[in-house]
Amino acid sequence: MEKYIIEGGRRLEGSLQIQGSKNSALPILAATVVTGETSILRRCPDLRDTRAAMRILRHIGCAAERVGGQVIVRADTAKRYDIPGALMREMRSSILFLGALAAVFGRAEVSSPGGCAIGLRPIDIHLAALETLGVHITQQGGQWIAYAPGGITGGQVALPFPSVGATENVMLCAVRGKQRTQIRNAAREPEIRDLAQYLNACGADIRGAGSDTIVIEPVDPVRACEYTILPDRIAAATYMAAAAMTGGDIVLRDVTVQDLWPVLPFFEQSGCRVTTQGDTLRLRAPHVLQSPNPVRTMPYPGFPTDFQAAAMAMASVAQGTGVFVETIFESRFKHVPQLIRMGAHITVQNNVAVVQGVPVLHGAPVQATDLRAGAALVCAGLAARDVTEVQGIELVDRGYEKMEDHLISLGAGIRRIVQDAE
Ligand code: UD1
């Protein structure tokens, strides 16, 4: 068990280099199997989830090692198509290996994936879409058994919802298809674009990624490649929220500004001044934050559900009333009772939270219930009066690289306590 002790009330100031994107790195690590070659992935964040993906790669028979900020994967030695339940349960993205292994071996055996407890998170869309590509999937004794006797056919996939993971699973499988695959109602997240760019760098022919229609031509991508992973837009937005809540002034380097467009109006409505130049972004917080317009989480380019919790922490110390509607996951308000322990005024009815801003939060012992909820509590703790203890920060480590080091470099009072070692 690990926790953060945060001495709140210090203004964040300075500059920060943004980590590579977790949600890009995970599908790209799964995609290395499909390329069957050596991949050098630069700016690959060192996170609990990327380490879990590397353990899966090694189990399959690949060589996967980290050298500084790079991960090097050699996939030509891959030989297994089964993944034990313990590895599958470490994260949600393990399900992407289903499409990847079926593409390479014509079969795969995996259990249901784990991941943050933010809702039911079924995989029905993944399974139905892979079936369309010629992969027969059955469930036996808690295992998903995928079998593509005639190889991956390819085909027309129409997703009932633009699921990020299902879009990625189809892409991973379809690059080894015999015919063209078209995905309609595809997810448009920047991480989908990044996965396509990586696969194209390996010789694939994928067009339209980032739009709602993606076309994957049947070309075996077998080239080795070096690729730099996209900067993490959610990590960037989280540090912006932390700075905004502490009256701070920070510069973020290595951001893809255009990928942050869905959240920039939120900061501007809150009274922050955001200026950008190339891949650098500066945020200057106002003296007092203002409540933003109602926030409704939506698939990209809508407001990201992954930033909803930190945005709500910000609204909890803004002047006025904020409204948050969560439309993507069923259980994504678990940070609310924790923020209330810190003095926030929030009421929830179904998927709507109403936040009545208070002038200041106060420190309290709180529990990170999932990755983004944990990040929101860290932001709240940085702004709060007195000391906040955030328990369960292993969840924060799933997605934020060296979070406390970054925050300390900006002037925060935060330290990690490893409780077993106390
Ligand atoms: C990805 C992101 C996660 C983000 C989410 C939504 C990664 C590693 N994770 O998760 O950080 O919060 O997108 O932007 O990239 N659904 C089904 N059936 C399915 C698949 C999804 O009903 O087969 C539902 C989910 O339960 C959820 C919604 O669709 O309610 C969105 O899920 P999806 O877009 O698939 O999210 P993930 O890929 O799991």
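Residues numbered from 1 in each chain as written. Predicted model: local features only at pLDDT ≥ 70, side-chain atom pairs only at ≥ 80, totals over all residues. Heavy atoms only, no water.

### Considering the nonpolar core
In a soluble, globular protein the nonpolar side chains are often hidden away together inside.
Then comes step 1: Tyr 239, Leu 252, Phe 267, Leu 283 and Phe 307 are the most contacted members of the largest nonpolar core, which has 76 residues in total.
Then comes step 2: Broken down by element, this core gets its largest block of residues, eleven residues, from helix α8 (residues 233-245).
Then comes step 3: In contact with Leu 252, other than residues within four places in its own chain, are Leu 16, Ile 18, Ala 236, Tyr 239, Met 240, Asp 279, Thr 280 and Leu 281.
Then comes step 4: Of all hydrophobic cores here, the second largest spans 73 residues; its members include Leu 41, Leu 96, Phe 97 and Ile 152. (Core = buried A, V, L, I, M, F, W, Y, C linked by side-chain atoms within 4.5 Å. Buried < 20%, exposed > 50% of the residue type's maximum accessible area, 1.4 Å probe, protein only. Helix = DSSP H or I, 4+ residues; strand = E, 2+ residues; numbered from the N terminus. Contact = heavy atoms within 4.5 Å.)

### Observations concerning the site of the ligand
Then comes step 1: As a structural note, the neighbourhood of the ligand is formed by 18 residues, with Asp 124, Ile 125, Ser 163, Asp 306 and Ile 328 the closest of them.
Then comes step 2: One of the backbone N or O atoms of Val 164 is found 2.8 Å from an oxygen atom in the ligand.
Then comes step 3: For the ligand, whose unbound accessible area comes to 740 Å², protein coverage reaches 87%.
Then comes step 4: Secondary-structure elements contributing two or more residues to the shell around the ligand are α5 (124-132) and α6 (164-174).
Then comes step 5: Among the elements that make up the shell around the ligand, the one with the highest residue count is α5 (three residues).
Then comes step 6: Tallied by class, the residues present in the shell around the ligand amount to seven nonpolar, six polar and five charged.
Then comes step 7: Domain assignment of the residues forming the shell around the ligand places at least three in each of domain 1 (2-18 + 232-418) and domain 2 (22-217). (Near = heavy atom within 4 Å. Polar contact = N/O pair within 3.5 Å; in protein donor to acceptor, adjacent residues only side chain to side chain. Areas by Shrake-Rupley, 256 points an atom, 1.4 Å probe, with all protein chains shown as cover. Nonpolar A, V, L, I, M, F, W, Y, C, P; charged D, E, K, R; others polar. Domains from an automatic or database assignment.)

### Digging into the pattern of salt bridges
Then comes step 1: Summed over all chains, the structure comprises 20 salt bridges.
Then comes step 2: In this structure, the salt-bridge partner of Glu 226 is Arg 42, at a minimum N-O distance of 2.5 Å. Residue Glu 226 is located in strand β13 (residues 225-228), and its partner Arg 42 is located in strand β3 (residues 38-42); the two are separated by 184 residues in the primary sequence.
Then comes step 3: Residues Arg 74 and Asp 76 are paired through a salt bridge, measuring 3.1 Å at the closest nitrogen-oxygen approach.
Then comes step 4: Residue classification places Arg 74 among the partly exposed residues on the basis of a relative accessible area of 39%.
Then comes step 5: Judged by its relative accessible area of 45%, Asp 76 falls in the partly exposed class.
Then comes step 6: Connected through shared salt-bridge partners, Glu 2, Asp 397, Glu 404 and Arg 416 make up one network. (Salt bridge = Lys/Arg side-chain N within 4 Å of Asp/Glu carboxyl O.)

### Details of the domain arrangement of the protein
Then comes step 1: The domain boundaries assigned to the protein delineate domain 1 (2-18 + 232-418) and domain 2 (22-217).
Then comes step 2: Contact residues are listed per partner, giving 27 residues for domain 1 and 26 residues for domain 2.
Then comes step 3: With both chains or domains summed, domain 1 and domain 2 bury close to 2,000 Å², and 50% of this area falls on carbon and sulfur atoms.
Then comes step 4: Three residues stand out in domain 1 for area buried against domain 2, namely Tyr 300, Arg 398 and Glu 401, and they jointly supply 32% of the buried area on that side.
Then comes step 5: Inspection of the domain 1/domain 2 interface yields four salt bridges.
Then comes step 6: Among the ionic pairs, Arg 233 bridges to Glu 191, the shortest N-O distance being 2.8 Å.
Then comes step 7: A breakdown of the residues in the side of domain 1 that touches domain 2 according to their chemical character gives nine nonpolar, four polar and 14 charged. (Buried area = accessible area lost by both parts, 1.4 Å probe.)

### Describing the pairing of strand β18 (residues 321-325)
Then comes step 1: Sheet topology note: the strand β17 (residues 295-296)/β18 ladder contains two bridges and is parallel. Paired with Arg 296 across the two strands is Val 325, which belongs to β18.
Then comes step 2: With respect to chirality, the unit in which β17 leads through helix α10 (residues 308-315) into the neighbouring parallel β18 is right-handed. (Pairing = 2+ DSSP bridges. Right-handed = clockwise from strand over helix to strand, strands pointing away.)

### Topic: α6
Then comes step 1: By the criterion of burial, α6 is predominantly enclosed, with ten of the eleven residues buried.
Then comes step 2: Taken residue by residue, α6 has Gly 165, Ala 166, Thr 167, Glu 168, Asn 169, Val 170, Met 171, Leu 172, Cys 173 and Ala 174 as its buried positions.
Then comes step 3: Its side-chain oxygen placed 3.5 Å from the backbone nitrogen of Gly 165, Ser 163 serves as the N-cap of α6.

### Brief notes about the state of the cysteines
Then comes step 1: Taken as a whole and assessed by the stated rule, the structure comprises zero disulfides.
Then comes step 2: Between Cys 44, a cysteine without a disulfide, and Cys 225, which holds the nearest cysteine sulfur, the sulfur-to-sulfur distance is 12 Å.
Then comes step 3: Under the relative-accessibility criterion, Cys 44 is labelled buried at 1%.
Then comes step 4: For Cys 225, a relative accessible area of 9% puts it in the buried group. (Disulfide = S-S within 2.5 Å.)

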